[in-house]
There are 6 protein chains.
Amino acid sequence: MSDDFFQPVSGFELPRFAGVPTFMRLPHVPLEHERLGEVDIGLIGVPWDSGTTNRPGPRHGPRQLRDASTMIRAQHATSGMRPFEAVNCADLGDVGPNPADIMDSMERITAFYDKVKAAGIRPLTAGGDHLTSLPVLRALAKDAPLGMVHFDSHTDLFHSYFNGTMYTHGTPFRRAVEEGLLDPKRVVQIGIRGTMYDSEDRDFARAEGIRIIEIEEFHARGVEDVMAEAREIAGDGETYVSYDIDFVDPTFAPGTGTPEVGGPNSFQALQVCRELQGLNIVGADMVEVSPPFDQSGGTAFLGVSIMFEILCVMAGQAG
Amino acid sequence: MSDDFFQPVSGFELPRFAGVPTFMRLPHVPLEHERLGEVDIGLIGVPWDSGTTNRPGPRHGPRQLRDASTMIRAQHATSGMRPFEAVNCADLGDVGPNPADIMDSMERITAFYDKVKAAGIRPLTAGGDHLTSLPVLRALAKDAPLGMVHFDSHTDLFHSYFNGTMYTHGTPFRRAVEEGLLDPKRVVQIGIRGTMYDSEDRDFARAEGIRIIEIEEFHARGVEDVMAEAREIAGDGETYVSYDIDFVDPTFAPGTGTPEVGGPNSFQALQVCRELQGLNIVGADMVEVSPPFDQSGGTAFLGVSIMFEILCVMAGQAG
Amino acid sequence: MSDDFFQPVSGFELPRFAGVPTFMRLPHVPLEHERLGEVDIGLIGVPWDSGTTNRPGPRHGPRQLRDASTMIRAQHATSGMRPFEAVNCADLGDVGPNPADIMDSMERITAFYDKVKAAGIRPLTAGGDHLTSLPVLRALAKDAPLGMVHFDSHTDLFHSYFNGTMYTHGTPFRRAVEEGLLDPKRVVQIGIRGTMYDSEDRDFARAEGIRIIEIEEFHARGVEDVMAEAREIAGDGETYVSYDIDFVDPTFAPGTGTPEVGGPNSFQALQVCRELQGLNIVGADMVEVSPPFDQSGGTAFLGVSIMFEILCVMAGQAG
Amino acid sequence: MSDDFFQPVSGFELPRFAGVPTFMRLPHVPLEHERLGEVDIGLIGVPWDSGTTNRPGPRHGPRQLRDASTMIRAQHATSGMRPFEAVNCADLGDVGPNPADIMDSMERITAFYDKVKAAGIRPLTAGGDHLTSLPVLRALAKDAPLGMVHFDSHTDLFHSYFNGTMYTHGTPFRRAVEEGLLDPKRVVQIGIRGTMYDSEDRDFARAEGIRIIEIEEFHARGVEDVMAEAREIAGDGETYVSYDIDFVDPTFAPGTGTPEVGGPNSFQALQVCRELQGLNIVGADMVEVSPPFDQSGGTAFLGVSIMFEILCVMAGQAG
Amino acid sequence: MSDDFFQPVSGFELPRFAGVPTFMRLPHVPLEHERLGEVDIGLIGVPWDSGTTNRPGPRHGPRQLRDASTMIRAQHATSGMRPFEAVNCADLGDVGPNPADIMDSMERITAFYDKVKAAGIRPLTAGGDHLTSLPVLRALAKDAPLGMVHFDSHTDLFHSYFNGTMYTHGTPFRRAVEEGLLDPKRVVQIGIRGTMYDSEDRDFARAEGIRIIEIEEFHARGVEDVMAEAREIAGDGETYVSYDIDFVDPTFAPGTGTPEVGGPNSFQALQVCRELQGLNIVGADMVEVSPPFDQSGGTAFLGVSIMFEILCVMAGQAG
Amino acid sequence: MSDDFFQPVSGFELPRFAGVPTFMRLPHVPLEHERLGEVDIGLIGVPWDSGTTNRPGPRHGPRQLRDASTMIRAQHATSGMRPFEAVNCADLGDVGPNPADIMDSMERITAFYDKVKAAGIRPLTAGGDHLTSLPVLRALAKDAPLGMVHFDSHTDLFHSYFNGTMYTHGTPFRRAVEEGLLDPKRVVQIGIRGTMYDSEDRDFARAEGIRIIEIEEFHARGVEDVMAEAREIAGDGETYVSYDIDFVDPTFAPGTGTPEVGGPNSFQALQVCRELQGLNIVGADMVEVSPPFDQSGGTAFLGVSIMFEILCVMAGQAG
């Protein structure tokens with residue numbers, strides 16, 4: 001069991017609104033910290049939104065997610081999992097992006113995650129817009145392509161925007177497939193919906209063998225059935241979980257830049273995570289939380305509730 | 001196929017937050033425009049709320065709906081319909097009401113829609129409170145009574161308010177039936193709920209043969225079954241679709257003046273529109289969107305998402 | 001039938017946004033009023049949140065609930081019940097708490113409810129945080145322990161907080177069982193969820209025979225089945241209904257201090273009340289509505305809509 | 001001194017957030033109340049905005065002003081005046097308007113104020129939009145024209161709007177002069193500013209002898225100098241005070257429908273009231289407070305703080 | 001006098017909340033419009049914030065400024081200027097930026113303004129963050145360096161950010177001086193304040209002869225005295241006016257990304273513009289309005305009120 | 001000069017929205033930290049509002065103040081002071097209160113500050129409501145009574161509330177004088193205003209020799225003159241500075257529980273701090289910042305801007 005250093009501050013000792021807010025009230029362990037090597041799962045912020053083509057704001061995501069995360073307690077209600085006892089978890093801090101230079105930022109992110117990987121830490125990232133996933137994958141999938149379970153309302157598989165711009169939050173997984181970071185046959189995208197520019201992204205998915213489960217199919221089949229298929233697609237290999245908060249219906253998660261109506265509710269948003277049990281998850285992210293559009297803070301609270309669900313699954317792998 | 005003039009500005013050329021906001025980024029074609037005669041479906045704003053007996057605000061509806069509508073892209077995700085290519089769509093601008101004179105305003109609205117009808121254009125209206133539907137119907141149903149599929153939490157069938165006031169947003173369809181604009185046997189009202197003053201409106205509906213599907217029945221039977229009945233009631237004749245945003249649960253659509261809890265969610269809000277396929281729709285409206293009560297703008301975005309669904313069905317009729 | 005004095009002001013005479021806001025536009029009948037003895041059901045505010053361990057605000061609940069309650073009309077849509085005609089209802093005003101002294105406040109509340117009970121009035125309380133229920137139960141259960149149907153995301157069965165503090169909004173029902181105010185065998189808690197400190201509350205419940213229906217079970221079985229069991233547990237004896245607004249999903253009810261995602265929607269929030277029919281309800285409360293976190297006012301409107309549902313059931317008992 | 005019945009509830013007995021909110025926690029004395037005849041100053045709500053040509057909302061003003069007014073205590077900090085002891089003050093409730101009929105509403109308002117005047121009560125009104133002042137003046141100036149000190153950013157002296165509409169919130173004082181309710185030589189308008197349609201209103205003022213003090217002159221001369229002139233203009237005769245909240249800079253009072261930037265700050269907003277000392281005030285109003293545009297509630301709190309200042313002056317007259 | 005085509009829609013004909021919102025209700029005249037050559041002053045939106053190093057959002061500025069601008073009427077209250085009659089004004093639409101490529105965006109902007117300048121149109125720009133001024137100046141100062149009157153709380157004279165990033169909203173005027181677009185001896189910066197990283201920007205200003213008037217000096221000397229000096233510095237030559245909304249105190253203008261407390265109030269914000277009279281203004285901008293941080297919309301309304309003041313001065317030049 | 005450990009993170013290295021938010025991006029040095037003894041000035045949060053008699057929320061103050069404080073840079077614009085180089089500053093974390101027990105909380109706070117004082121650290125506190133000052137003073141004034149410069153709209157000198165409750169945010173300085181923690185002859189209260197219950201607090205002040213400078217006097221005399229007197233009153237002895245954010249006008253600082261209109265603006269709010277130069281400040285606090293009523297976050301940003309001003313004065317003492 002995890003030692004005291006890695007235990008979150010209890011709300012019975014220090015009220016949950018008190019204290020310097022780290023992720024889930026965990027110890028802050030920067031990359032140069034002496035106990036970095038003992039960390040199993042690292043929560044990392046990537047406050048960056050330079051890939052955003054519509055409404056900005058995810059650069060403020062990690063700050064607000066940390067704030068909301070102090071409401072999270074130590075035990076999962078259904079599974080009984082106590083992740084902070086099962087494995088060593090810590091807040092590794094934020095990767096500092098360059099808000100005015102996309103390529104520089106991506107290099108910084110990849111460099112950070114290279115160190116995380118080298119330290120044997122599985123990262124659980126709080127973005128940031130969805131372009132964040134690309135430089136993270138460049139570190140995690142350095143050796144071999146990963147499978148991916150991807151919750152979103154968009155495929156993010158477009159070739160380019162605005163006359164050839166290759167790096168936006170609508171293109172990360174196109175790049176990741178092209179760069180060999182993802183094995184398209186082991187990728188499933190769930191919750192896709194909304195009006196479309198055209199079918200270019202769907203055509204690419206079909207050609208590459210990426211499985212898209214649109215929202216109509218999701219609602220018709222239900223969480224358990226859909227997720228059983230998702231597990232089968234991802235298989236036993238190393239898998240990345242990417243969770244765009246706009247997967248959830250915008251009424252439940254208004255704080256995001258490119259909402260699409262008609263998505264899952266908050267219970268389903270949690271359920272899909274529980275069904276990740278059994279996968280070999282080497283990293284995960286929660287992206288596109290945009291505080292300027294989240295006046296009540298409810299999106300961030302849902303975001304960290306989802307992160308806790310994923311964390312419990314990841315902690316269980318290590319048991 | 002529609003020519004270039006009638007194509008919306010693409011978000012890949014001009015980001016969706018840029019540009020003068022017309023409905024769905026369509027060309028602005030006022031009634032005196034030289035190409036008015038080529039328009040098939042006209043999107044029209046009626047910024048008016050003088051019939052509102054409770055919380056005001058729908059006069060600001062068209063402005064906010066236009067703003068939100070620039071997030072709509074060109075293709076429907078499920079049906080693949082590309083309405084702006086299928087038919088000629090345009091933003092016909094707003095009818096200018098007289099905020100301090102109800103009768104004058106109704107005359108202005110009817111006069112505007114007389115011209116729209118004369119030009120062979122099917123109108124898709126953004127209100128405005130629900131009294132808007134009455135002067136619109138006076139133009140559209142000039143020759144013969146219409147059927148109507150009506151989504152709402154209220155029947156709007158009351159005789160009068162406040163000691164005899166005949167024209168409020170609670171009376172338009174009572175007047176419309178009395179004036180012979182609607183054929184009550186071909187009218188169905190879906191989603192009715194909320195606390196009641198009394199049963200006067202229900203008694204009128206029963207006497208006239210209007211079919212009311214209350215929310216309990218809606219939830220019990222589901223969208224497909226309910227809508228199959230609705231299509232049967234409306235039949236093959238000319239039909240009007242009136243969509244009060246308070247049909248949707250107020251958590252999904254808080255920006256409205258007379259909310260009633262317990263309504264459909266956002267996915268159902270879209271689904272009911274898809275099930276209008278096959279009707280002979282001569283006009284439609286989206287009413288009671290009240291921006292002052294819609295701090296996040298989510299209601300307007302849901303409103304235009306619904307308008308796009310209806311537009312796709314209307315565009316399909318022309319195919 | 002109730003006489004004119006006890007009728008709420010009609011929205012057709014005075015618009016619903018007008019007038020001094022009492023609960024549901026009922027007459028204000030303070031304890032010293034000459035007609036107190038004729039009241040059957042008394043709506044009472046307890047503007048108090050000293051037991052709140054997390055985000056404060058329920059002290060403002062009664063004011064906002066009164067404001068929102070002027071949107072409630074006289075008749076229930078489904079059952080046709082007209083509660084204000086069936087029995088005499090009145091707004092008994094607020095119990096004045098001492099915001100800086102918990103014990104003094106609890107005494108004031110119990111003293112108030114002693115008089116309410118003595119006058120033969122069944123109270124429907126608008127809190128206040130959940131500690132409110134304890135001093136109310138001390139008056140209502142003076143003679144014998146009550147059964148309870150409890151809607152909540154938390155059990156509120158903890159022993160103590162912060163090194164031995166016995167009176168917080170997380171402990172009222174632990175105290176109530178210890179003090180013999182509740183018969184644990186006749187207590188059911190519905191909707192329990194969220195991350196946990198530990199299992200101490202669940203252990204207590206199990207030991208005492210309190211039935212906990214967690215949210216997963218609730219979603220799996222549905223409202224009707226769950227509530228049938230709830231009615232069986234509460235039985236024929238005198239029963240209290242305690243409704244914490246955080247039972248409902250926080251998207252539908254953001255205005256509360258300790259939200260937990262994944263709860264029931266607004267339709268289910270009403271349905272569970274309708275299924276209380278047949279119980280012997282001697283009092284009820286709606287607690288934890290926190291206006292500072294309810295920017296749109298939607299939580300308060302849902303809260304009073306639920307209060308109206310409960311009121312209709314209570315009024316039906318008297319028929 | 002005023003007896004106990006007319007004393008507001010003390011915040012030391014009942015916290016200021018508690019209780020049914022009447023104006024300044026005064027007793028609610030409707031027109032049919034047995035003690036109406038003892039009232040000296042009556043606080044009255046007119047929840048009405050049918051004259052609004054721009055952004056609506058003042059119909060919600062009285063409700064929010066009552067709510068905010070429970071923050072007002074019993075004594076003026078500078079003058080030491082305790083108005084509720086000096087004279088009998090009461091909340092007379094709201095005039096019920098007809099939201100869908102301007103002429104009917106004006107008749108209802110005048111009828112209400114006829115009774116108020118007949119009872120010897122000086123009214124302090126909480127609007128409502130500025131058209132409210134006209135039907136009030138029709139009652140108060142029945143016998144002879146009044147002088148007026150008018151704080152506003154607009155003159156409200158226009159002839160008509162929208163092709164001849166005579167009754168809007170931009171025309172009340174044009175009508176009042178035409179109807180002989182105001183003596184234009186004894187009228188002063190202070191704080192006028194903002195972009196203009198044209199100079200028609202200024203031309204009318206000049207022709208009739210109404211004195212307009214524009215904001216530049218106000219800022220240059222200061223409160224004391226300007227108000228000395230204002231007192232001279234109004235003179236010893238019966239005088240009405242009309243205070244449009246948009247007199248104040250919109251940063252201090254955002255909750256209003258037609259803001260104009262560059263106005264007085266909140267301290268000046270109070271100071272001008274103190275300088276009304278010595279006038280013969282027969283009635284006053286605070287209008288155009290629009291809660292839907294006042295998210296923080298600060299406008300309403302400023303509004304009632306101003307009302308308290310005016311009340312202290314009016315109470316001093318009776319001493 | 002300007003012909004009818006260039007007149008804004010009157011609020012007496014079409015209420016100010018109605019219609020497709022162009023800047024100040026002027027005609028929309030894109031660069032390819034046949035009457036472009038007749039335009040004297042062009043209002044242009046640059047919806048772009050890629051240079052923002054702190055809180056994002058100005059990309060939404062033009063949309064919200066257009067919306068608020070429909071509240072502006074035709075005549076200046078103090079000067080009597082009617083700019084839309086004095087000269088031909090039009091809304092030239094937005095420059096489409098590339099949100100994910102700074103260099104591409106700057107080229108697009110300069111190309112747009114090259115055409116504007118070639119058409120003999122003086123631009124009044126609605127940004128966009130402050131980096132916007134650089135590509136605009138590249139077009140306007142192609143032939144010779146300009147003088148500049150710059151209202152801001154920051155100098156925007158930094159060399160670079162984040163290890164050498166040259167193009168951010170903190171560097172535009174450093175670049176402009178280096179590129180010979182501004183004559184530093186004719187540049188004055190007014191309102192500078194706030195905590196500092198270091199003095200590098202001030203050192204540069206001193207070395208180049210740029211005059212900085214810090215806020216303490218501004219408050220001590222007053223608007224007239226400060227602006228007399230500003231006019232003297234800018235002299236008779238061609239001058240650019242750059243107005244960062246964060247010049248104004250953030251209470252009056254919260255909707256901006258890098259606020260600094262202690263600035264001018266809204267009246268002073270207008271006054272400084274009136275004191276620009278007599279300058280030879282070849283272009284002006286209003287930048288850093290960030291709608292996501294402007295919940296009430298008051299910042300945008302102040303922004304367009306300032307734009308109208310500048311427009312009146314520019315229109316007067318042409319007289 | 002302070003070593004690297006005590007330097008805040010630069011915004012040029014890590015953008016200001018990034019990273020775990022400590023006060024002013026300083027190192028987090030809990031009481032048990034090995035370098036505690038090197039700290040000169042400690043920034044401490046007291047997230048507590050149990051003394052609040054009106055609107056709650058200051059328990060959330062420290063969290064939000066930390067968040068806003070990451071916008072503060074390293075150098076004062078006017079004085080050039082670089083406090084983090086002049087002395088060693090650190091974030092000492094929060095004192096954990098007991099939200100449901102006032103006496104327990106006060107003991108915890110005093111115990112914390114005893115250790116701070118013992119370590120030779122001068123505390124700069126972020127409250128918490130104003131009762132916070134009492135347990136802090138109990139530690140700081142253990143040896144001898146302090147002088148105090150107190151900015152506020154209330155005297156906080158009341159004897160008791162609600163029938164004898166001695167510890168609320170309206171009584172701390174009454175207690176402090178009674179307990180010999182303050183020397184009343186060396187206490188000055190600045191900015192007092194607002195409606196009053198009665199004159200009991202003023203009577204006490206007069207009897208004890210406390211100097212009250214009401215807002216009228218403040219506005220009439222100006223900051224410099226008033227503060228010269230304040231410095232004279234406090235004299236050379238050890239002095240505490242207590243700054244209630246409700247000193248500032250509520251338009252500039254809406255996020256507070258008991259606002260009073262008509263106060264100083266934001267520039268004056270900073271100026272008064274600069275005039276503290278020369279005092280012997282042994283501790284200071286910023287209290288009553290209430291995030292739930294501060295939707296834009298502007299109050300917190302003003303609060304930390306004031307804290308930085310005070311910090312610069314305190315840092316200068318040590319030079």
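Cut-off values and rules
- Residues numbered from 1 in each chain as written.
- Chains lettered and ligands numbered in written order.
- Predicted model: local features only at pLDDT ≥ 70, side-chain atom pairs only at ≥ 80, totals over all residues.
- Heavy atoms only, no water.
- UniProt positions renumbered as here; feature names shortened; annotations may be inferred.
- Helix = DSSP H or I, 4+ residues; strand = E, 2+ residues; numbered from the N terminus.
- Rg over C-alpha atoms; globule rule 2.2 N^0.38 Å.
- Buried < 20%, exposed > 50% of the residue type's maximum accessible area, 1.4 Å probe, protein only.
- Contact = heavy atoms within 4.5 Å.
- Buried area = accessible area lost by both parts, 1.4 Å probe.
- Salt bridge = Lys/Arg side-chain N within 4 Å of Asp/Glu carboxyl O.
- Polar contact = N/O pair within 3.5 Å; in protein donor to acceptor, adjacent residues only side chain to side chain.
- Nonpolar A, V, L, I, M, F, W, Y, C, P; charged D, E, K, R; others polar.
- Least-squares fit on C-alpha atoms with pLDDT ≥ 70 in both.
- Pairing = 2+ DSSP bridges.
- Axes fitted to C-alpha atoms, helices over the stretch in contact; angles between N-to-C directions.
- Parallel < 35°, antiparallel > 145°, perpendicular 65-115°, else oblique.
- Left-handed = near helix turned anticlockwise from the far one by under 90°.
- Disulfide = S-S within 2.5 Å.
- Right-handed = clockwise from strand over helix to strand, strands pointing away.

You'll find chain A entered in an unreviewed UniProt entry as Agmatinase, with Roseovarius bejariae given as the organism. Chain A has a UniProt comment under Sequence similarities (unreviewed entry) that states "Belongs to the arginase family. Agmatinase subfamily."

Bringing the overall build of chain A into the picture now. A count of helical and extended segments in chain A gives 10 helices and 8 strands. Taking 20 Å as the expected radius of gyration for a compact globule of 319 residues, we find that chain A reaches 18 Å, a close match to that expectation. Counting only C-alpha atoms and orienting by the principal axes, one finds that chain A spans roughly 55 × 40 × 40 Å. Here chain A, with 319 residues, has 72% of them falling under the buried criterion. Long-range contacts, defined here as pairs at least 24 residues apart, represent 77% of the contacts in chain A between residues at least 6 apart.

Further remarks concern the interface of chain C and chain A. When the parts of a complex come together, some accessible area is lost, and that lost area is often taken as the interface size. Residue-level contacts link 30 residues of chain C with 25 residues of chain A. Both faces considered, chain C and chain A share a buried interface measuring about 2400 Å² in area, 59% of it formed by carbon and sulfur atoms. Summed over the three residues of chain C that lose the most area to chain A, namely Thr195, Tyr197 and Val261 of chain C, the buried surface amounts to 30% of that side. There are 2 salt bridges connecting chain C and chain A. Note that arginine 274 of chain A is salt-bridged to glutamate 216 of chain C, the shortest N-O span being 2.8 Å. Counting the contacts that link chain C with chain A gives 11 residue pairs in polar contact (both at pLDDT 80 or more). Looking at which element gives the most residues to the side of chain C that touches chain A, the answer is helix H7 (residues 215–221) of chain C, with 3 residues. Considered class by class, the residues forming the side of chain C that touches chain A number 9 nonpolar, 14 polar and 7 charged.

Right, let's get into the interface of chain C and chain D. With 25 residues of chain C at the contact, the number on the chain D side is 25 residues. In total, chain C and chain D occlude about 1900 Å² of area from one another, counting both sides; carbon and sulfur atoms represent 63% of this. In terms of surface lost to chain D, no three residues of chain C exceed Phe17, Val20 and Arg63 of chain C, which account for 43% of the buried area on that side. Here chain C and chain D share 2 salt bridges between them. Note that aspartate 67 of chain D is salt-bridged to arginine 63 of chain C, the shortest N-O span being 2.6 Å. Applying the counting rule to chain C against chain D returns 13 residue pairs in polar contact (both at pLDDT 80 or more). Among the elements of the structure, helix H1 (61–69) and strand S2 (89–94) of chain C are those that each provide at least two residues to the side of chain C that touches chain D.

For these two chains of identical sequence, chain C goes onto chain A by a turn of 120° and a shift of 0.0 Å along the axis, with RMSD 0.0 Å. What we have between these two chains is a three-fold relation. In terms of proximity to the rotation axis, the leading residue of chain C is threonine 251 of chain C, whose C-alpha is 4.1 Å off the axis. Comparing interface residues between copies, only 10% of those in chain C also sit at the interface in chain A, which points to a heterologous contact through distinct surfaces.

What follows is about the relation of the copies chain C and chain D. With an axial shift of 0.0 Å and an RMSD of 0.0 Å, the rotation relating chain C to chain D amounts to 180°. Such a combination of rotation and displacement between the chain copies is what one expects of a two-fold axis. Both copies present the same face, since 100% of the interface residues in chain C are matched by interface residues at the equivalent positions in chain D.

Residues and elements named next belong to chain A. With the rule as written, the count across this model stands at 156 salt bridges over all chains. Across the salt bridge formed by arginine 274 and glutamate 309, the nearest N and O atoms sit 3.0 Å from each other. Of this pair, arginine 274 sits in helix H9 (residues 266–274) while glutamate 309 sits in helix H10 (residues 298–317), and the two are 35 residues apart along the sequence.

Residue and element names in this part refer to chain A. Taken together, the 8 strands give an open sheet; going across it, the order is S2-S1-S3-S8-S7-S4-S5-S6, and neighbouring strands pair in parallel fashion. Of all the strands in the sheet, the pair left with one neighbour each is strand S2 (89–94) and strand S6 (211–214). Sheet twist, expressed as the mean angle between neighbouring strand axes with direction ignored, is 15°. Where strand S5 (residues 182–192) and S6 come together, 4 bridges link them in parallel fashion. Within the sheet, the bridge partner assigned to glutamine 189 lies in S6 and is isoleucine 212.

Before going further, it helps to spend a moment on the environment of arginine 211 of chain A. Residue and element names in this part refer to chain A. Looking at the secondary structure, you find arginine 211 in strand S6. With 88 residues separating them along the chain, arginine 211 and proline 123 place their C-alpha atoms 25 Å apart. Discounting chain neighbours no more than four positions away, the residues touching arginine 211 are Val187, Val188, Gln189, Glu217, Arg221, Glu229 and Ile233. Polar contacts involving the side chain of arginine 211 include one to the side chain of glutamate 229, which spans 2.5 Å.

Residues and elements named next belong to chain A. If you check UniProt for "binding site: Mn(2+)" (unreviewed entry), the listed places come out as His130, Asp152, His154, Asp156, Asp244 and Asp246 in our numbering. Over a stretch of 117 residues, the named residues converge on one spot in the fold, their C-alpha atoms separated by at most 12.1 Å. For aspartate 152, a relative accessible area of 0% translates into the label buried. Other than its neighbours up to four places away in sequence, aspartate 152 contacts His130, Ile190, Gly191, Ile192, Asp244, Asp246 and Phe247. Only 3.3 Å separates the side chain of aspartate 152 from the side chain of histidine 130, close enough to count as a polar contact. Judged by relative accessible area, aspartate 244 falls into the buried class, the value being 2%.

This part is about the arrangement of the chains. Nothing in chain A touches chain D; the tightest C-alpha to C-alpha distance between them is still 12 Å. Over all C-alpha pairs, chain C and chain E never come within contact, reaching a minimum spacing of 12 Å.

The subject of this paragraph is the packing of helix H3 (residues 102–118) of chain B against helix H4 (residues 133–140) of chain B. Residues and elements named next belong to chain B. Where H3 contacts H4, the axes come no closer than 8 Å and their chain directions differ by 40°. On the basis of their axis angle, the class for H3 and H4 is oblique. Relative to H4, the crossing made by H3 is right-handed. On the side of H3, the interface is formed by Met106, Ile109, Thr110, Tyr113, Asp114 and Lys117, while H4 contributes Leu134, Pro135, Val136, Arg138, Ala139 and Leu140. In terms of residue class, the contact of H3 with H4 is made up of 8 nonpolar, 1 polar and 3 charged.

All names here are of chain C. With the rule as written, the count across this model stands at 0 disulfides over all chains. Unpaired in this structure, cysteine 89 has its nearest cysteine sulfur neighbour in cysteine 312, at a distance of 9.0 Å. A residue is classified by how much of its surface remains accessible, and cysteine 89, at 0% relative accessible area, is buried. Looking at cysteine 312, the relative accessible area reads 5%, which means it is buried.

Our next topic: the sheet that holds strand S7 (residues 238–244) of chain F. All names here are of chain F. Across the sheet, which stays open at both edges, the 8 strands sit in the order S2-S1-S3-S8-S7-S4-S5-S6 with parallel pairing between neighbours. For this open sheet the edge positions go to strand S2 (89–94) and strand S6 (211–214), each flanked by a neighbour on one side alone. The mean inter-strand angle of the sheet, taken between neighbouring strand axes irrespective of direction, is 15°. Against the sheet, helix H1 (residues 61–69) contacts strand S1 (41–45), S2 and strand S3 (122–126), and its axis sits at roughly 150° relative to S2.

All names here are of chain D. Counting buried residues in strand S8 (residues 280–287) gives 7 out of 8 residues, a clear majority hidden from the surface. Summarising the sheet, strand S3 (residues 122–126) and S8 pair through 3 bridges and their orientation is parallel. Bridge pairing links alanine 126 to methionine 286 in S8. For strand S7 (residues 238–244) and S8, the ladder comprises 7 bridges, and the chain directions are parallel. The residue of S8 that forms the bridge with tyrosine 240 is glycine 283. As for the winding sense of the linkage, the β-α-β connection from S7 through helix H9 (residues 266–274) to S8 is right-handed.

Time to look at the side chain of threonine 53 of chain F. Within the element layout of this structure, threonine 53 of chain F appears in the loop between S1 and H1. The class of threonine 53 of chain F is buried, set by a relative accessible area of 10%. Within the structure, threonine 53 of chain F has its side chain in polar contact with the side chain of histidine 169 of chain F (distance 3.1 Å). Contact partners of threonine 53 of chain F, with chain neighbours within four places excluded, come to Arg59 and Pro99 of chain C, Pro15 and Phe17 of chain D together with Tyr161, Phe162, Thr168 and His169 of chain F.

Residue glycine 128 of chain C is bonded to the preceding glycine 127 of chain C through a cis peptide linkage, with omega at 10°. With respect to the helices and strands, the residue glycine 128 of chain C is situated in the loop between strand S3 (122–126) and helix H4 (133–140). With phi around 65°, asparagine 163 of chain E is a residue other than glycine that occupies positive phi space. Despite not being glycine, glutamate 288 of chain E shows a phi value in the positive range, around 70°. Residue position: glutamate 288 of chain E is located in the loop between strand S8 (280–287) and helix H10 (298–317).

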